Amino acid sequence: MTIKNKKIIGAILATTIFIASSFTAGCGGTKQAAAPAKVPVKAMNLLQQSTPITYGFSGQVQAVDEVQVRSKVSGAVVEKYIQGGENVYAGQALFKIDPRQFETAVLSAKADLLKSEVNLRRAQENFDRNERLYKAQAISQQTLSNSRADLDSALAALEASKISVRKANENLADTMIYSPIDGRASLNDAAVGTYAAAGNTTLLTVGTIDPVYVQFNISETDYLNVVAKNMSKRGQGGNYTLSIILSNGEEYPFKGTPVEADRSLSQNSASITVKAIFDNPAGVLLPGMFAHVSIVKDSGANTLLVPERAIQQLLDQTFVLTVGSDGKSVSKIVELDEKVGSYYIVKSGLSPSDIVIVEGLTNLQAGKDLAVTMVTAEEMGFSTKASVNLMNES
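A quick note: this is a predicted structure, and the numbers were derived from the prediction, not measured.

Quick notes on the overall build of the protein
Then, in step 1: Helix and strand content of the protein: five helices and 24 strands.
Then, in step 2: Sorting the 394 residues of the protein into buried and exposed places 32% on the buried side.

Now the structure itself:
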């Protein structure tokens, strides 16, 4: 074999070996697993601060005192001194019932009184005469006893006549009807000519307007945690504020104080009815108005808050996914307390240094490599302020 042929054969072998090695290397590359892609998520730090806890309830304004004004005597209304919707004061004249029959009754009772007085004088004179005759042994003991009985009967008749006169005068006085309290008159007042049956016909309703009650129902737990602890400290303040938001969305400027609670729990709703008192100097609050009651309680210093967006449920466990120190997702079981706006108060399971995942949680499991984008509460639209939705539950 010539040197030239040996060179040709060597070149062919080298080429073959290069191609084979390249093929082998290529085959080896396809057998290696591709590096897993990182899961993109958004995460943020926990909040740690003192924050207000807001409890919301639907309430209704009520008068502290409300009286249905009725006549004590029967008769037609002949005078009306106020218009419905006016403010009235205690003792102010409201209506007058036709007094004629009661004036006649007074005259008749006085006439009977005069007759009783005359009869008493006659009975007294007769007894005095019989008493002298009895001492002179001119009449019997029985005759004297009879005259004593007549005198006693005349005395009783006189007292009865006096009572009749007083009752007739009272009935006549009751033809004038006065307001029993300071307050505002209802619009459904009786018109002149209305026949009022004694004790039955409502001529007018008068209710106080300053202060007023706001009545609402509260759960047993909230009652024990918030209201009951502070009702016993009346006048000493409490660790919460009570306010109302009216149906137009505006907050009423005066704060309230719970003053009354029902004596028992409602069997149907397992709730307790509570009344809070509010000053109402301008008369803005009217009985029957609906209002959203907000009780705001301070959570205490260094309260740990986790966004609601980060919370997940699995069966009876609550957990959040956090960013571990190695950049992987870590699942942590948590115990939560009240909701505060977009957050929940953390009772246990998290520490202030934890970074919780708030976006990208769909199908995310513990132990996954993460591509983390840190965000703020403002960027996510989170807030500790509770939203208020007014509902007319009438």
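Some details on the nonpolar core
Then, in step 1: Core analysis: the biggest nonpolar cluster contains 42 residues, and F216, I244, F278, V306, L350 and V356 have the highest contact counts within it.
Then, in step 2: Judged by nonpolar contacts, the second largest core, of 17 residues, contains I82, L94, F95 and L203.

Things to note about helix α3 (residues 141–173)
Then, in step 1: Taking 1.5 Å per residue, 33 residues should reach 48 Å; α3 reaches 48 Å between its end C-alpha atoms and fits that length.
Then, in step 2: Along α3, the residues classified as buried are L144, S147, L151, A154, L158, S161, V165, A168 and N171.
Then, in step 3: Where α3 is buried, its residues meet α2 (100–135).

Topic: the environment of K80
Then, in step 1: As for its position among the elements, K80 is in strand β5 (residues 75–80).
Then, in step 2: By relative accessible area, which is 23% here, K80 ends up partly exposed.
Then, in step 3: Counting along the chain gives 14 residues from K80 to L94, while the straight-line C-alpha distance between them is 6.0 Å.
Then, in step 4: What K80 contacts, discounting residues up to four positions off in sequence, is L94, F95, D189, A190 and V192.
Then, in step 5: At 2.4 Å, the side chain of K80 and the side chain of D189 are in polar contact.
Then, in step 6: Of the polar contacts made by the side chain of K80, one reaches the backbone oxygen of A190; its length is 3.5 Å.

Cut-offs applied
- Residues numbered from 1 in each chain as written.
- Predicted model: local features only at pLDDT ≥ 70, side-chain atom pairs only at ≥ 80, totals over all residues.
- Heavy atoms only, no water.
- Helix = DSSP H or I, 4+ residues; strand = E, 2+ residues; numbered from the N terminus.
- Buried < 20%, exposed > 50% of the residue type's maximum accessible area, 1.4 Å probe, protein only.
- Core = buried A, V, L, I, M, F, W, Y, C linked by side-chain atoms within 4.5 Å.
- Expected span 1.5 Å × (residues − 1).
- Contact = heavy atoms within 4.5 Å.
- Polar contact = N/O pair within 3.5 Å; in protein donor to acceptor, adjacent residues only side chain to side chain.

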